[in-house]
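Architecture at a glance
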Amino acid sequence: MVPYVTSPDVLDEWFSSMKDPRFLWILGIVAIFVCYTNMLLFLRRYRLFGTYISMYIEVTKTVIQVMLVFVFIVFGFALVFHLLFAEQIGFHTVHHSILRVLAMMIGELDLGATFIDSIGQRSDKNQNPKNPFPEVAFLFIFLCLILLTVALMNLLVGLAVGDTETMKKFATIKRLALQIEYHIQIDESCPFISRAAYQMVYVEKPNKLSRFHRVMEWLQARFAEASPEPFTEDTKTTELANLQEETMKNKKRIKSMMAMLEAQNRLLTRLALTIDPGFELPEDEETRRTDDTDATDATDARNQASLKESEEHADDTSVEFTGE
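For clarity, every value in this text was computed on a predicted model and none was experimentally measured. (Residues numbered from 1 in each chain as written. Predicted model: local features only at pLDDT ≥ 70, side-chain atom pairs only at ≥ 80, totals over all residues. Heavy atoms only, no water.)

Notes on a nonpolar patch on the surface
Test applied: Two joining distances apply to patches: 9 Å for like charges and 5 Å for nonpolar side chains (Val, Leu, Ile, Met, Phe, Trp, Tyr), and every residue must have over 30% relative accessible area and no salt bridge. The Shrake-Rupley method, run with a 1.4 Å probe, gives the accessible areas here. Residue values count only the displayed protein chains as cover. Salt bridges are identified by distance alone: a Lys or Arg side-chain nitrogen within 4 Å of an Asp or Glu carboxyl oxygen. Helix and strand labels come from DSSP, where a helix needs a run of H or I of at least four residues and a strand needs a run of E of at least two; each type is numbered from the N terminus. The buried label goes to any residue with under 20% of its type's maximum accessible area, the exposed label to any with over 50%, and the partly exposed label to all in between, with areas taken from a 1.4 Å probe on protein chains only.
On the surface, a cluster of nonpolar side chains totalling about 660 Å² of accessible area is made up of Phe212, Val215, Met216, Trp218, Leu219 and Phe223. Mapped onto the elements, Leu219 comes out in helix H10 (residues 211-224). Given a relative accessible area of 30%, Leu219 falls into the partly exposed group.

Topic: the confidence of the model for the chain
Note the threshold: The predictor reports its confidence for every residue as pLDDT, a score running from 0 up to 100.
Residues at a pLDDT of 70 or more form 77% of the chain, whose mean pLDDT is 77. Across the chain, element-level confidence peaks in helix H5 (residues 94-105) with a mean pLDDT of 89 and bottoms out in helix H12 (residues 283-323) with 51.

Remarks on the packing of helix H4 (residues 47-84) against helix H7 (residues 134-161)
Put simply, the test is: To get an axis, a line is fitted to the C-alpha atoms, and for a helix only the part in contact is used. The angle between two axes follows their N-to-C directions and goes from 0 to 180 degrees. The cut-offs work like this: below 35 degrees is roughly parallel, past 145 is roughly antiparallel, 65 to 115 is roughly perpendicular, and the gaps in between are oblique. Note on residue classes: Ala, Val, Leu, Ile, Met, Phe, Trp, Tyr, Cys and Pro are nonpolar, Asp, Glu, Lys and Arg are charged, and everything else, Gly too, is polar.
Contact geometry for H4 and H7: axes closest at 11 Å, N-to-C directions at 175°. Judged by the angle between their axes, H4 and H7 are roughly antiparallel. Taken together, the residues of the contact of H4 with H7 break down into 24 nonpolar, one polar and no charged.

Observations concerning a positive patch on the surface
Selection rule: Here Asp and Glu are counted as negative and Lys and Arg as positive; His is not counted, and neither are the chain ends. The atoms used to mark charge sites are NZ of Lys, CZ of Arg, CG of Asp and CD of Glu.
Taken together, Lys205, Lys208, Arg211 and Arg214 make up a surface patch of like positive charges. Residue position: Arg214 is located in helix H10.

Observations regarding the packing of aromatic side chains
Two measures describe an aromatic ring pair: the distance that separates the ring centres and the angle between the ring planes. The test is simple: A pair of aromatic rings is counted whenever rings of Phe, Tyr or Trp (Trp by its six-membered ring) have centres within 6.5 Å, and the orientation is called stacked for planes under 30 degrees apart, edge-to-face for over 60 and tilted otherwise.
Summed over the entire model, instances satisfying the criterion amount to six aromatic pairs. Ring plane angle 85° and centroid distance 5.8 Å describe the contact between Phe42 and Tyr182, whose orientation is recorded as edge-to-face. With Phe42 in helix H3 (residues 21-42) and Tyr182 in helix H8 (residues 164-189), the pair connects residues that are 140 residues apart, well separated along the chain. When its relative accessible area of 30% is taken as the criterion, Phe42 is described as partly exposed. Geometrically, the ring pair formed by Phe81 and Phe91 is tilted, given 5.8 Å between the ring centres and 50° between the ring planes. With Phe81 in helix H4 and Phe91 in the loop between H4 and H5, this pair connects stretches of sequence that are ten residues apart. For Phe81, a relative accessible area of 0% corresponds to the buried category. In this structure Phe91 comes out as buried when scored by relative accessible area, which is 0%. One aromatic cluster in this structure is built from Phe77, Phe81, Phe85 and Phe91.

Dropping the structure here:
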């Protein structure tokens, strides 16, 4: 957009120091990286990506803080390996040595080519040994494995992902705050959008169903009703058989209860006679017990007669159905 609003002379004056192609390439590379990083940060406002991007940023901050604390041990190993393997390409400068130690920290040791095969070899330039002190080199390689590759990397992983739930909760809160800020910015820059979408009064009737809900409830009630089964003679026979079975079960229960009551009565009578040998059962109680026994026998006789009649009626009904 700048070339369209400014003159060529002004552009030449502004970008006179940027005519070096090397500088322009570096500037373009950095600009591309910053552009996509800004795009990633912009997506934090959205629900689908915001939580995970915020968690990623928190993990990155934790890793940077830990590395700032342990940068001294990394720099110490870099200097040691630079002095021990100065004739090798990966350690011939301090900068390369630092990068190589960082790569070794994540597990890329290249143990064979760098530390073992170089024993006894000499540089092609000045014929200096590539590994002049193998014993010391193995000692520091072992220390690097323990202190950096194992201890420090496990510490970083534990600090980064150890409290995931807390990070996720704070990331969600951060995402909501960014959404609010984004909406405020839109409202301030484009107020006509908020005026068009603003509603002064909003009426909600939770107990009043809409027409669609009423129609759906009517359809559910209409199709949920089960159609009654036709009443046939087979149904009558089945019901009669069920009634007879239930009657017999009730009769057995009553008999068992009467037998239990009689046993309890006899037990109580014996207990009373044991306590007081002169105890006599009142005549009213004896008469009542005799009457109850007679009534029970009469009831049993009537029940048996009714059951026989119902069975005969059921047999006659089944015979009639068979004949038809």
